[in-house]
Amino acid sequence: MATPKAEKDLHLPLSRVKTIMKSSPEVDAVGPEPLYLVTKVTELFVTDLAKRAYKNSEKNFLEYKHIAEVVQQDDTLDFLREIMPRKITVRQFKEMMAKKAAKANDSDETSEESSEEESSDESSSGNSNSNQENKS
Amino acid sequence: MAEKLEDLNLPLTVVTRIVKEALPDGVAISKEARTGLAKAASVFVLYVTSAATNIVKNNKRKALTGQDVLEAMADIEFDRFVEPLKDALEQYKQVAFAKKQASGKKKDETEDVEMAEDE
């Protein structure tokens, strides 16, 4: 009998998914079946999100904004909105601020030293804090 | 426990591979789009996990089951994934069952595997 390898149809590493799941305080053990399903559905999710974002793209080039667009438009993706904000340019930001200022009518403390709103997302996760790293 | 912060993210290369398989050949994906998708996937894992553990809690049970994950999909309004997931689960069970039979002779290695008993 040719055993079909169900796990082989997965791309994501089960161990990593497990680690992430266990990082939730309410989870202590994760059985193989729920682990498989969560992994599988995450892959479905990525596929789905990518395909939808691709529809927003042009010239065969998928960019961040195309994904952010999907996220902002679909209420079931609300949980992603904080980590995938729409990005705006400094110029747009200034315009926004200008409008705001106009509304708030000459409270003249608002200068235009634009805080750079380009949010270069590469917030390095180099946990440099020398905590006690207990390796188990 | 996660030892490093990176352990709480899904690997970028793997997520990218999934994305590439989903899209037509020759589509370019910006770096930021890749990291964004990988991040989204990592957060999604937690989101599903929390929805599933809610179900467990509400039923006053302790262990998380595959059924909880399936039901969680409806709760978070990802019903469209339920059918493909069910299919995947069916397949998974069959394989797990076959494996169990194959290795069952050698040892009764019960490492909390609570897999398919039917079929």
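Residues numbered from 1 in each chain as written. Chains lettered and ligands numbered in written order. Predicted model: local features only at pLDDT ≥ 70, side-chain atom pairs only at ≥ 80, totals over all residues. Heavy atoms only, no water.

Examining the pattern of salt bridges
Within this structure, the stated rule accounts for eleven salt bridges over all chains. In this structure, the salt-bridge partner of Arg52(A) is Asp74(A), at a minimum N-O distance of 2.6 Å. Linking Arg52(A) in helix 2 (residues 32–56) with Asp74(A) in the loop between helix 3 (64–73) and helix 4 (90–103), this pair joins segments that are 22 residues apart in sequence. The partner of Asp78(A) in a salt bridge is Arg81(A), and the shortest N-O contact between them spans 3.4 Å. Classification of Asp78(A) as partly exposed rests on a relative accessible area of 46%. Shared partners join several salt bridges into a network, and the residues in it are Asp48(A), Arg52(A), Asp74(A) and Arg80(B). (Salt bridge = Lys/Arg side-chain N within 4 Å of Asp/Glu carboxyl O. Helix = DSSP H or I, 4+ residues; strand = E, 2+ residues; numbered from the N terminus. Buried < 20%, exposed > 50% of the residue type's maximum accessible area, 1.4 Å probe, protein only.)

As for the interface of chain B and chain A
Every contact between the two is made by 67 residues of chain B and, on the other side, 59 residues of chain A. Here chain B is connected to chain A by three salt bridges. Across the pair Lys87(A) and Glu32(B) runs a salt bridge whose closest N-O atoms are separated by 2.3 Å. The set of elements that each furnish at least two residues to the side of chain B that touches chain A consists of helix 1 (12–22), strand 1 (28–29), helix 2 (31–58), helix 3 (66–75) and helix 4 (82–104) of chain B. Considering each element in turn, the side of chain B that touches chain A owes the most residues, 19 residues, to helix 2 of chain B. Taken together, the residues of the side of chain B that touches chain A sort by class into 41 nonpolar, eleven polar and 15 charged. Note: strand 1 (residues 61–62) of chain A against strand 1 of chain B, two bridges, orientation parallel. (Contact = heavy atoms within 4.5 Å. Nonpolar A, V, L, I, M, F, W, Y, C, P; charged D, E, K, R; others polar. Pairing = 2+ DSSP bridges.)

Considering the UniProt feature "domain: Transcription factor CBF/NF-Y/archaeal histone" (unreviewed entry) in chain B
Sequence positions flagged by UniProt for "domain: Transcription factor CBF/NF-Y/archaeal histone" (unreviewed entry) are, in local numbering, residues 9–73 of chain B. Counting secondary structure, residues 9–73 of chain B comes out at 72% helix and 3% strand; the distance between its end C-alpha atoms is 22 Å. (UniProt positions renumbered as here; feature names shortened; annotations may be inferred.)

Quick look at the packing of helix 2 of chain A against helix 3 of chain A
All names here are of chain A. Orientation of helix 2 relative to helix 3, taken along the N-to-C sense of each, is 110°, at an axis distance of 8 Å. The orientation of helix 2 relative to helix 3 falls into the category roughly perpendicular. Residues Leu49, Arg52, Ala53 and Asn56 of helix 2 lie in contact with helix 3, whose contacting residues are His66, Ile67, Glu69 and Val70. By residue class, the composition of the contact of helix 2 with helix 3 is four nonpolar, two polar and two charged. (Axes fitted to C-alpha atoms, helices over the stretch in contact; angles between N-to-C directions. Parallel < 35°, antiparallel > 145°, perpendicular 65-115°, else oblique.)

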